[in-house]
Amino acid sequence: MLDRLQAVEDRYDYLNEQLSDPAVISDAKKLREYSKEQADIEETVQAYRTYKEVTKQYEDAKAMLAEKLDAEMHEMVKEELSELGGQREALSAQLKVLLLPKDPNDDKNVIIEIRGAAGGDEAQLFAGDLYKMYHRYAEAQGWKIEVIEANATELGGYKEIIFMVNGKGAYSKLKYENGAHRVQRVPQTESGGRIHTSTATVAVLPEAEEVEIDIHEKDIRVDTFASSGPGGQSVNTTMSAVRLTHLPTNTVVSCQDEKSQIKNKDKAMKVLRARIFDKVQQEAEAEYAATRKLAVGTGDRSERIRTYNFPQSRVTDHRIGLTLQKLEQILQGKLDEVIDALVVADQAEAMNKAEQG
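Residue numbers here run from 1 along each chain, matching the order of that chain's written sequence. Totals for whole chains, interfaces and linings use every residue, but because this is a predicted model, local features are given only for residues with pLDDT of at least 70 and side-chain atom pairs only at 80 or more, for both listing and counting. In computing side-chain properties, one takes all heavy atoms of the structure into account and sets aside hydrogens as well as water.

Per an unreviewed UniProt entry, the protein chain carries the name Peptide chain release factor 1 and comes from Shouchella lonarensis. UniProt positions are given in the numbering used here, feature names are shortened, and annotations may be inferred rather than shown by experiment. Its UniProt record, at the heading Sequence similarities (unreviewed entry), says of the protein chain: "Belongs to the prokaryotic/mitochondrial release factor family." Annotation of the protein chain in UniProt includes, under Subcellular location (unreviewed entry), the sentence "Cytoplasm".

Asks: I would appreciate a short explanation of the overall build of the protein chain in the present structure.
Replies: Secondary structure counts use DSSP, requiring at least four H or I residues in a row for a helix and at least two E residues in a row for a strand, with both numbered from the N terminus. Per the secondary structure count, the protein chain includes nine helices and eleven strands. A simple rule labels every residue: compare its accessible area, found with a 1.4 Å probe on the protein chains alone, to the largest value its type can have, and call it buried under 20%, exposed over 50%, or partly exposed in between. Buried positions account for 40% of the 357 residues belonging to the protein chain. Nonlocal contacts in the protein chain, meaning residues at least 24 apart in sequence, comprise 62% of its contacts between residues at least 6 apart. Here, residues are in contact when the closest pair of their heavy atoms is within 4.5 Å.

Asks: Looking at this model, I keep getting lost on the sheet that holds strand 4 (residues 179-185). Mind explaining?
Replies: Picture the strands of a sheet paired through backbone hydrogen bonds; they go either parallel or antiparallel. With respect to topology, eight strands assemble into an open sheet ordered 2-3-1-5-4-9-10-11, the strand pairing being mixed. Each edge of the open sheet is held by one strand with a lone partner, namely strand 2 (144-152) and strand 11 (322-324). Taking each pair of neighbouring strands and ignoring which way they run, the sheet shows an average axis angle of 15°. For two strands to count as paired, DSSP must find a minimum of two bridges between them. Alignment of strand 1 (residues 110-116) against strand 3 (residues 158-166), held across six bridges, turns out to be antiparallel. Residue isoleucine 114 lies in a different strand from strand 3, and its bridge partner there is isoleucine 161. Here the axes come from fitting lines to C-alpha atoms, over the contacting stretch only for helices, and the angles between their N-to-C directions go from 0 to 180 degrees. Here helix 9 (residues 336-356) sits on the sheet in contact with strand 9 (304-309), strand 10 (314-317) and strand 11, set at roughly 170° to strand 11.

Asks: Explain the pairing of strand 3 here, please?
Replies: The side chains of a regular strand alternate between both faces of the sheet. Two elements, strand 2 and strand 3, share eight bridges in a ladder whose sense is antiparallel. Residue valine 147 lies in a different strand from strand 3, and its bridge partner there is phenylalanine 163. Between strand 2 and strand 3, which pair antiparallel one after the other, the connecting turn spans five residues, and glycine 156 there sits at a positive phi close to 105°.

Asks: Can you help me understand the nonpolar core in this one?
Replies: The tendency in soluble globular proteins is for nonpolar side chains to be buried as a group. Judged by nonpolar contacts, the single largest core of 36 residues is most densely connected at Ile114, Phe163, Val165 and Tyr308. When contributions to this core are tallied by element, the ones reaching two or more residues are strand 1, helix 5 (120-141), strand 2, strand 3, helix 6 (170-174), strand 5 (196-206), helix 8 (327-331) and helix 9. Looking at this core, the element that brings in the most residues is helix 5, giving eight residues. The contact partners of phenylalanine 163, leaving out residues within four places of it in the chain, are Val110, Ile111, Ile112, Ile114, Tyr131, Tyr134, Ile145, Glu146, Val147 and Ile148. Take the buried residues of types Ala, Val, Leu, Ile, Met, Phe, Trp, Tyr and Cys, join any two whose side-chain atoms come within 4.5 Å, and each joined set is a nonpolar core. The next biggest cluster of nonpolar side chains, apart from the first, holds 21 residues, and it includes Val8, Val45, Tyr51 and Val54.

Asks: Would you mind going over unusual backbone geometry with me for this structure?
Replies: Comment: phi is negative for the bulk of residues other than glycine, and the bulk of peptide bonds are trans. The backbone of asparagine 250 sits at a positive phi, close to 55°, despite the residue not being glycine. For asparagine 250, the location among the structural elements is in the loop between strand 7 (241-246) and strand 8 (251-255). Looking at asparagine 250, the relative accessible area reads 58%, which means it is exposed.

Asks: What is the right way to read a nonpolar patch on the surface from this model?
Replies: Together, Met64, Met73 and Met76 make up a nonpolar patch on the protein surface, roughly 250 Å² of accessible area in all. Along the chain, methionine 64 falls in helix 3 (residues 28-65). To count toward a patch, a residue needs a relative accessible area over 30% and no salt bridge; like charges are then connected within 9 Å, while nonpolar side chains (Val, Leu, Ile, Met, Phe, Trp, Tyr) are connected within 5 Å. Per-residue accessibility takes into account occlusion by the displayed protein chains alone, with areas from the Shrake-Rupley method and a 1.4 Å probe. Just to be clear on terms, a salt bridge is a Lys or Arg side-chain nitrogen sitting within 4 Å of an Asp or Glu carboxyl oxygen.

Asks: Hey, could you run me through the side chain of asparagine 105 in this one?
Replies: For asparagine 105, the location among the structural elements is in the loop between helix 4 (71-98) and strand 1. If near-sequence neighbours (up to four positions away) are discounted, asparagine 105 is found in contact with Tyr171, Pro206, Phe277 and Gln281.

Asks: Hey, could you run me through a negative patch on the surface in this one?
Replies: The charge count treats Lys and Arg as positive and Asp and Glu as negative. His and the chain ends do not count. Where a charge sits is defined by one atom per residue type, namely NZ (Lys), CZ (Arg), CG (Asp) or CD (Glu). Together, Glu75, Glu79, Glu80 and Glu83 line one region of the surface with negative charge. In this fold, glutamate 79 is placed in helix 4. Overall, the relative accessible area of 53% leaves glutamate 79 in the exposed class.

Asks: For this particular structure, what's the right way to read the side chain of threonine 44?
Replies: Within the element layout of this structure, threonine 44 appears in helix 3. Beyond its immediate sequence surroundings of up to four residues, threonine 44 is in contact with Leu5, Val8, Leu95 and Leu98.

Asks: Mind showing me how you'd approach the pattern of salt bridges here?
Replies: Here the idea is simple: oppositely charged side chains can pair when their charged atoms come close. Tallied over the entire structure, the rule returns 23 salt bridges. Arginine 49 is the partner of aspartate 13 in a salt bridge, and the nearest nitrogen-oxygen pair spans 2.9 Å. Of the two residues, aspartate 13 sits in helix 1 (residues 2-18) while arginine 49 sits in helix 3, which places them 36 residues apart along the sequence. Classification of arginine 49 by relative accessible area gives partly exposed; the value is 30%.

Asks: Sorry if this is basic, but what is going on with the sheet that holds strand 8 here?
Replies: Read across the open sheet, the three strands follow the order 6-7-8; overall the sheet is antiparallel. The open sheet terminates on both sides in strands that have one partner only, identified here as strand 6 (220-225) and strand 8. The sheet shows a mean angle of 15° between the axes of neighbouring strands, taken without regard to direction. In terms of strand pairing, strand 6 meets strand 7 through six bridges, oriented antiparallel. Across the sheet, the residue bridging to phenylalanine 225 is alanine 241, located in strand 7.

Right, dumping it as structure tokens:
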């Protein structure tokens, strides 16, 4: 581990020199690449330097303890040695996590697609609850939400809502929301007071850059139509809504959120690119990891990942067996406790695989 950390520090110092080189400064592409790489490893380097300093202090204290000291000084050095040993162990554990392979999509913006699934009107109302939950969570993180397509119902839910979350590290947190979410409650539409079970699906896609996925104009059919609202009624008479069909994959995306056809096409293109990028990634992963299952689940969107039980004010994440009696807080967007637990489980599984491999 120490050899790998030293190599990371050497690379950091090299990048630091390069970023002061006029030839690199004048090359926008190289400057951006080097700056990003340096930023990505900065936390690891700072933790490693702290680890080296604490280790030096630990060895010095150990050497002092071997000398002839009076009782009071001996006790002080023993206490310091114990404290430094604890710090060193904590830093070592942190460095093991920092050395784990990083998901290349972690820093990206995300596109989230929520759809009401089993349960009719109640499933669509629950889809609306999930959208509000993610909206509040994103606001708390300082991220920006941008609705791309919303198919609202008259009761206030959504048959489908697609939105983008813009913010550094958005994918690293929200990727764990991928899957089927189940709600157990008495529906607003139920007069008999019976508890119903309904589901909504959440798909989380990393935003794909143009350089990552090559989509040719000739492969896209563009259709325009008038925007519509709940129940299908016409919202305006201009042909501002856009539907894009990627012919090779038969992927269809529509957007009618903006009044401008150009803006709608741009938003639809972002979703189309993300969906195709996600499809390519999933196919590539399936080739070498058909049987692989992470501690946090398979990520299959048909898999039930979480249950929201209203009568008992309980939320259970089935992937890691986490149950919290904090339903209202979680629906208010306070997802940190759930997401942090999923991150820890994911890291533990990755560390276990690294040690075995």
